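Each chain, letter by letter, is given below.
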Amino acid sequence: MSDTAQGTSRRYGTRPTMKDVAARAGVGLKTVSRVVNGEAGVTPDTERRVQEAITALGFRRNDSARILRKGRTASIGLVLEDLADPFYGPLSRAVEEVARAHGALLINGSSAEDPAREQELVLALCARRVDGLVVIPAGDDHRYLEPEIAAGVATVFVDRPAGRIDADTVLSDSFGGAREAVAHLIAHGHRRIGFIGDQPRIHTASERLRGYRAAMAAAGLPVEESWVAPGSTAPERVRAAAAAMLEGPSPVTALFAGNNRVTVTAVRVLRELPRPVALVGFDDFELADLVRPAITVVAQDAAQLGRTAAGLLFRRLDGVDDPPRRVELPTRLIARGSGELAPVG
């Protein structure tokens, strides 16, 4: 019969200690320590009693003190923008795989695109003595991290650069990818192309807008400000922005969507129109190849972003002390049909 069935109250939040194991097995603390750490000097009968006590109590070795004596906690933190965004799934998994290969545990959390929440989460992870951080920044001032970095917390920024500090950074070529997307639409005959993007304060959003303008300028095409709509990616805002561009006497004949959330809403809007409108989205997304027409996208390698960032992090943890590096990964245009529609009207 279990201790709980016998009426022993269970206190959640408390864990059995080696002292509890020693008392149950009728041995000393040093004997328990030897069994737990696989050391010699314990008779088979005594080891059996200790193992039975460990199983009965549900004891688990506390690695914290042992690891801290080595100066490392074998854990790293990952701060994402939004855990629900499918873009971050492969990135997070890649960071975790690299961490696991180095014997480290990954702890992650979401800033919800809030700079104050980002800072709170980052400093909470530092207070828990993580060895390093991979951060997708929400804010544009990271001087609050300077004391932590000086104290030895390795830090790498991914997807967006750090603000007002020098640090390792891994990015996708948002500017080049956006320029290629819009040039692709221009090559298929479009002259009135709308851009719907994320908040302009976000580095990736501003770079994609810059790429859009650069492609239009390179083709000698004017950009009417009514064709440009940065802002929230909330579906109602994106829907209203798209509707405004698609109405009137000179509607746009193509849309460039600044990220996967904008693209998904744009697909829903365009399905309601009686005429075809070309669409290219930045970021690939699940089922993009199954809708009709399938969605042409500029794809980032989110997993490679994560792997590269984590690799830089563990490089720092291994003692490499060269100047901060900036790595920019290429994007890839995947033509599937929606970006190849000819202009109508």
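For the chain, the name recorded in an unreviewed UniProt entry is LacI family transcriptional regulator, with Streptomyces natalensis ATCC 27448 as its organism.

1. Digging into unusual backbone geometry
In this structure, Pro-293 follows Arg-292 across a cis peptide bond, with omega equal to 0°. One can find Pro-293 in the loop between strand 9 (278–282) and strand 10 (296–299). You will see that Ala-74, though not glycine, has its phi angle at about 55°, which is positive. When its relative accessible area of 26% is taken as the criterion, Ala-74 is described as partly exposed. In this model, Arg-129 sits at a positive phi of 65°, which is unusual for a non-glycine residue. Mapped onto the secondary structure, Arg-129 falls in the loop between helix 6 (115–127) and strand 3 (132–135).

2. A few points about the nonpolar core
Ranked by internal contacts, the top residues of the largest apolar core, which has 43 residues, are Tyr-212 and Phe-256. Setting aside chain neighbours within four positions, we find Phe-256 in contact with Ala-178, Ala-181, Val-182, Ile-193, Gly-194, Phe-195, Ile-196, Arg-208, Tyr-212, Val-280, Gly-281 and Phe-282. Membership of the second largest hydrophobic core comes to 27 residues, among which are Val-98, Ala-99, Ile-136 and Val-158.

3. Focus: helix 9 (residues 203–218)
Between its terminal C-alpha atoms helix 9 stretches 22 Å, which fits the 22 Å expected from 16 residues at 1.5 Å a residue. Every buried residue of helix 9 is accounted for by Thr-204, Ala-205, Glu-207, Arg-208, Leu-209, Gly-211, Tyr-212, Ala-215 and Met-216. In this structure, the buried residues of helix 9 make contact with helix 8 (174–187), strand 6 (193–197), strand 7 (228–230), strand 8 (254–257) and strand 9. Once helix 9 finishes, Gly-220 follows within two positions and takes phi at roughly 70°, a positive value.

4. Thoughts on the packing of helix 1 (residues 18–25) against helix 2 (residues 29–36)
Their axes nearest at 9 Å, the elements helix 1 and helix 2 cross at an angle of 105°. Taken together, the axes of helix 1 and helix 2 lie roughly perpendicular to each other. Facing Met-18, Lys-19, Val-21 and Ala-22 of helix 1, the residues of helix 2 in contact are Leu-29, Val-32, Ser-33 and Val-36.

5. Thoughts on the packing of aromatic side chains
Across all of its chains, the model carries three aromatic pairs by this definition. Seen in terms of ring centroids, Phe-195 and Phe-256 are 5.7 Å apart; in terms of plane orientation they differ by 40°. Their pairing is tilted. Remark: Phe-256 occurs in strand 8 and Phe-195 occurs in strand 6; sequence separation between them is 61 residues. Judged by relative accessible area, which is 1%, Phe-195 ranks as buried. According to the relative accessible area criterion, Phe-256 is buried, its value standing at 0%. Among the aromatic residues, ring-to-ring pairing joins Phe-195, Tyr-212 and Phe-256 into one connected group.

6. Concerning the side chain of Thr-46
Position of Thr-46 among the secondary structure elements: in helix 3 (residues 44–57). With a relative accessible area of 16%, Thr-46 lands in the buried category. In terms of polar contacts, Thr-46 uses its side chain to reach the side chain of Thr-43, at 2.9 Å. Once you skip the residues sitting within four places of it in the chain, Thr-46 turns out to touch Val-27 and Thr-31.

7. Section: the environment of Pro-137
Summarising the element assignment, Pro-137 is placed in the loop between strand 3 and helix 7 (146–150). For Pro-137, a relative accessible area of 3% gives the class buried. Sequence-wise, Pro-137 and Glu-118 are 19 residues apart; in three dimensions their C-alpha atoms are separated by 7.2 Å. Aside from chain neighbours lying at most four places away, what touches Pro-137 is Glu-113, Glu-118, His-142, Phe-157, Val-158, Arg-160 and Pro-161.

8. Some remarks on the sheet that holds strand 10
Judged by pairing direction, the sheet is mixed, and its six strands sit side by side in the order 7-6-8-9-10-12 without closing on themselves. Looking at the sheet topology across the chains shown, the edges are occupied by strand 7 and strand 12 (332–334). When the angles between neighbouring strand axes are averaged without regard to direction, this sheet yields 15°. Pairing of strand 9 with strand 10, which is carried by three bridges, proceeds in the parallel orientation. Looking at strand 10, one finds that Phe-282 is bridged to Val-298. Packing against the sheet, helix 11 (residues 260–271) makes contact with strand 6, strand 8 and strand 9, and its axis sits at approximately 160° to strand 9.

Cut-offs used in this document
Residues numbered from 1 in each chain as written. Predicted model: local features only at pLDDT ≥ 70, side-chain atom pairs only at ≥ 80, totals over all residues. Heavy atoms only, no water. Helix = DSSP H or I, 4+ residues; strand = E, 2+ residues; numbered from the N terminus. Buried < 20%, exposed > 50% of the residue type's maximum accessible area, 1.4 Å probe, protein only. Core = buried A, V, L, I, M, F, W, Y, C linked by side-chain atoms within 4.5 Å. Contact = heavy atoms within 4.5 Å. Expected span 1.5 Å × (residues − 1). Axes fitted to C-alpha atoms, helices over the stretch in contact; angles between N-to-C directions. Parallel < 35°, antiparallel > 145°, perpendicular 65-115°, else oblique. Phe/Tyr/Trp six-rings, centres within 6.5 Å; stacked < 30°, edge-to-face > 60°. Polar contact = N/O pair within 3.5 Å; in protein donor to acceptor, adjacent residues only side chain to side chain. Pairing = 2+ DSSP bridges.

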